[in-house]
Protein chains: 2
Amino acid sequence: MPNRDVLKGDWLPNISVDCVIFGFQENQLKVLLLKFRNSDIWSLPGGFIGREEDADDAAKRILWQRTGLENIYLQQFHTFGDLKRNIGAIAKHEEINLAMGRSKEDLKWLSHRYITLGYYALVEYSKVNVELNDVSDDSAWMDLDQIPALFLDHNKIIKTGLAHLRSSIDTKLAAFNLLPETFTMSELQQVYETILGKELVRTNFQRKMLSLDILERIEKKYTGGAHKAPYLYRLDKKKAEAFLSSAS
Amino acid sequence: MPNRDVLKGDWLPNISVDCVIFGFQENQLKVLLLKFRNSDIWSLPGGFIGREEDADDAAKRILWQRTGLENIYLQQFHTFGDLKRNIGAIAKHEEINLAMGRSKEDLKWLSHRYITLGYYALVEYSKVNVELNDVSDDSAWMDLDQIPALFLDHNKIIKTGLAHLRSSIDTKLAAFNLLPETFTMSELQQVYETILGKELVRTNFQRKMLSLDILERIEKKYTGGAHKAPYLYRLDKKKAEAFLSSAS
C-alpha cells in the first residue's frame, strides 16, 4: 500500500477522487467527513490516482486508507468537471495549508484544476475505524441535514451521490450494505426511509420486500418485552445475486 | 469555436471525452461511429477537454463538431479509468497515425494514458450532418448488433452507455429524444423496444404511455390504406417537465 501522505506519489495531474461514505446510525443516513488539520474546513475523503493505478483501485485505496475497510460496496456515480469548481479555491486556503506544514511546492500542485471522480460507498457503520493523517485532524459522521458548507463543491457531490443511491435502491439492493448481517423488517424499513427521505407504509413495505424473494427469515428475536418479538432476517446471497442479474 | 484539429489546443493532459451518439432509424437503435483516416479502425467520436473549458462543454463541443447539432440530449454516464484501457494501444497504431500526417510529437501526446469521460447523446437521426475531419475519413450509423471490434475499449463504452440509457428510459423519458416532433404509438413502441432489446405487449405499452399523462394526441394520420389510420402524438412539454420533476 502506498504512503499515506496524499501528496507523496506519482499521481496523474488534474484528476482527483472524492468518496461519499454513507453509514446508517441511530436510524439516520450519515456521511463521513474529515476536517483539515488546524482549520475548521470539512471535506469528503479524497485523493489522487497513481500513474500506474486503475481509477477504481484508487477509490478502494482511499477508502481503505480512511476507514480500514476493504471489499465494500463502492459505486462510481459522476465525474465533476466544471472549470470553476476549484480554480483558486485551494489558493484561498493557503494559510491553512502552510499551517499543515505544506510547502509552497505542494500548494502549487494542490492549486491546479482538478476534475474529480465521485464514488459513493455504503459501509456498516460499526466496522469503520477512521484513520486521521497528515491532512486531517478530526472526523465525524454527519446527518445529511446537518452538513455545513464543505470544501469546494463537496456539498454538491454528496447531493448528487445521494440521488444516484436513491435511484438504484430498488435495482441494486444497495440498502442492505448499510445493515449488519441480520436485521428486523423495521430496521430495513428505516434504512429505506432515510435513503429515500420519506416515510413508507409498513404493510406495503413488508409485502414488497418479501415479494422480492431475497430474504431468509432466521429466528425469533427475543426482546424481553411483552410484545411479540419481531423476526430477524438475513439477505439470501444466492437469491440476491439472481435478483441482481435479472434486474440489470 | 475552437479549431477542428483534435490535437490543436491547450488541453488537460490524461483526460479525454468519448461520446456514444444514439439515433433511431429503420426501427433500430444505431450508434454513430467514425473511421480513422487511411485505416479500417472505427471509433466513437471523441476529443479532449480544454484547460479553460467545463467537461460538459467539451462534450457539447465535440458533438457539435461531429454532428452540427446543438442543444441535444446529453448525459455523462461513466468515467473509464482502467490503467490498461489504452496503455500502448495508440503506439500500436503508429503507422496509421503517421499515415494521417501526425508528427512523432503528436503521437507522443496520443500515447499517454487517458481516463475518459463517457457521455451518451440521443439525436434525431434525420437532423445529423456528420462532419469528417483530419482524423476521420468515413462515418456510419451502425446497428448495435453489427458493431465491429472498435478502437481501445469503445465497445465496452457503448455497452455501458446503453445500460445507463435503459435504466433511465422510464424516469427520464429519454426515448422521446430519438423521435421527430410527432409520432405514432407504434413508432414510440419501436423506440422503446430497440432500446430495451425486447418486444413489448402493444396494449400494455399503450396503456402505460397514456397513463403517464405526458402525450398530446393531435390528429388522425392519413395513411391511404384500407386500415384505420393511427393517431399521431406529440410530447406535451409542460406535462413532461412536471413528470420529470416528480420522478427525480
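Our structure's up above, just so we're on the same page.
This section reports on the structure supplied with the text. Source: prediction; values computed, not measured.

**Thoughts on the overall build of chain A**
- When its secondary structure is counted, chain A shows eight helices and ten strands.
- The long-range share in chain A, meaning contacts at least 24 apart out of those at least 6 apart in sequence, stands at 73%.
- Summed over all atoms, the accessible surface of chain A reaches about 12400 Å², with 48% contributed by carbon and sulfur.

**So, the relation of the copies chain B and chain A**
- Screw-axis analysis of chain B against chain A gives a translation of 0.0 Å along the axis, an RMSD of 0.0 Å, and a rotation angle of 180°. A rotation of that kind, with that shift, is consistent with a two-fold axis.
- Same-surface contact between copies: 100% of interface residues of chain B are shared with the interface of chain A.

**Considering the nonpolar core**
- Judged by nonpolar contacts, the single largest core of 42 residues is most densely connected at V17 and I49 of chain A together with V17 and I49 of chain B.
- If you list the elements that add at least two residues to this core, you get β1 (11-25), α1 (55-67) and β6 (115-122) of chain A together with β1 (11-25), α1 (55-67) and β6 (115-122) of chain B.

**Notes on the environment of Q146 of chain A**
All names here are of chain A.
- Residue position: Q146 is located in the loop between β7 (136-143) and α5 (154-167).
- Note on Q146: relative accessible area 57%, which makes it exposed.
- For the pair Q146 and K30, spaced 116 residues apart in sequence, the C-alpha separation works out to 9.5 Å.

**A word on unusual backbone geometry**
- The phi dihedral of L152 of chain A is positive, around 50°, even though this residue is not glycine.
- Within the secondary structure, L152 of chain A sits in the loop between β7 and α5.
- Located in the positive-phi region is N38 of chain B, a residue other than glycine, with phi close to 55°.
- On the secondary structure map, N38 of chain B appears in the loop between β2 (28-36) and β3 (42-43).

**As for the packing of aromatic side chains**
- If you walk through the whole model with that rule in mind, you get 20 aromatic pairs over all chains.
- Each ring, one from F36 of chain B and one from F151 of chain B, has its centre 4.8 Å from the other, and the planes form 70°; the classification is edge-to-face. Placement of the pair is F36 of chain B in strand β2 and F151 of chain B in the loop between β7 (136-143) and α5 (154-167), with a sequence separation of 115 residues. By the burial criterion, F36 of chain B is buried, and F151 of chain B matches it.
- Each member of the aromatic cluster is reached from another via a ring pair, and the members are F22, Y73, F77, F80 and Y120 of chain A.
- In this arrangement the basic side chain of R217 of chain A is found over the ring face of Y231 of chain A, its NZ or CZ atom lying 3.7 Å from the centre.

**Quick word on the pairing of β6 of chain A**
All names here are of chain A.
- Taking burial as the measure, the eight residues of β6 include eight buried ones, the bulk of the element.
- Here β6 shows no split at all, with I115, L117, Y119 and A121 on one side and T116, G118, Y120 and L122 on the other all buried.
- Where β1 meets β6, eight bridges bridge the pair, whose relative direction is parallel. Each bridged residue has a counterpart across the sheet, and for D18 the counterpart in β6 is G118.
- Examined bridge by bridge, strand β5 (residues 73-80) and β6 share seven bridges and lie antiparallel to one another. By the bridge assignment for β6, Q75 is matched with Y120.

**Examining the interface of chain B and chain A**
- Residue-level contacts link 21 residues of chain B with 21 residues of chain A.
- Between chain B and chain A the total buried area reaches about 1700 Å² when both faces are included, carbon and sulfur atoms providing 53% of it.
- Of all residues in chain B, the largest losses of buried area upon contact with chain A belong to Q76, L83 and R113 of chain B, amounting jointly to 24% of the total for that side.
- In this assembly, chain B and chain A are joined by zero salt bridges.
- Applying the counting criterion to the chain B and chain A interface returns 15 residue pairs in polar contact (both at pLDDT 80 or more).
- When residues in the side of chain B that touches chain A are grouped by element, the largest group, four residues, is from β1 of chain B.
- The class makeup of the residues in the side of chain B that touches chain A is eight nonpolar, six polar and seven charged.

**Re the environment of L132 of chain B**
Residue and element names in this part refer to chain B.
- The residue L132 is located in the loop between β6 and β7 in this model.
- On the basis of relative accessible area, L132 is assigned to the partly exposed category, the value being 38%.
- Measuring from C-alpha to C-alpha, the distance between L132 and L34 comes to 8.2 Å, with 98 residues separating the pair along the chain.
- In contact with L132, not counting residues within four places along its chain, are D137, D138 and S139.

**Here we look at α5 of chain B**
Residue and element names in this part refer to chain B.
- For α5, spanning 14 residues, the distance from its first C-alpha to its last is 20 Å, which sits close to the expected 20 Å at 1.5 Å a residue.
- Those residues of α5 lying buried are H154, I157, I158, G161, L162 and L165. Around the axis of α5, the buried residues are gathered within 135° of arc, so they sit on the same side. Facing away from the buried side of α5, by more than 90 degrees, are the exposed residues K159 and S167.

**Here we look at the pattern of salt bridges**
- Throughout the structure, instances matching the rule amount to 26 salt bridges over all chains.
- The residue D213 of chain B makes a salt bridge to K239 of chain B at a minimum N-O spacing of 3.3 Å. With D213 of chain B in the loop between α8 (202-211) and β9 (215-220) and K239 of chain B in helix α9 (residues 237-247), this pair connects stretches of sequence that are 26 residues apart.
- Note on D213 of chain B: relative accessible area 45%, which makes it partly exposed.
- Taken together, the shared-partner salt bridges in this structure form one network comprising E26, K30 and D143 of chain A.

Each value, and the rule that gives it
Residues numbered from 1 in each chain as written. Chains lettered and ligands numbered in written order. Predicted model: local features only at pLDDT ≥ 70, side-chain atom pairs only at ≥ 80, totals over all residues. Heavy atoms only, no water. Helix = DSSP H or I, 4+ residues; strand = E, 2+ residues; numbered from the N terminus. Contact = heavy atoms within 4.5 Å. Areas by Shrake-Rupley, 256 points an atom, 1.4 Å probe, with all protein chains shown as cover. Least-squares fit on C-alpha atoms with pLDDT ≥ 70 in both. Core = buried A, V, L, I, M, F, W, Y, C linked by side-chain atoms within 4.5 Å. Buried < 20%, exposed > 50% of the residue type's maximum accessible area, 1.4 Å probe, protein only. Phe/Tyr/Trp six-rings, centres within 6.5 Å; stacked < 30°, edge-to-face > 60°. Lys NZ or Arg CZ within 6 Å of the ring centre and 35° of its normal. Pairing = 2+ DSSP bridges. Buried area = accessible area lost by both parts, 1.4 Å probe. Salt bridge = Lys/Arg side-chain N within 4 Å of Asp/Glu carboxyl O. Polar contact = N/O pair within 3.5 Å; in protein donor to acceptor, adjacent residues only side chain to side chain. Nonpolar A, V, L, I, M, F, W, Y, C, P; charged D, E, K, R; others polar. Expected span 1.5 Å × (residues − 1). Arc of directions from axis to C-beta.

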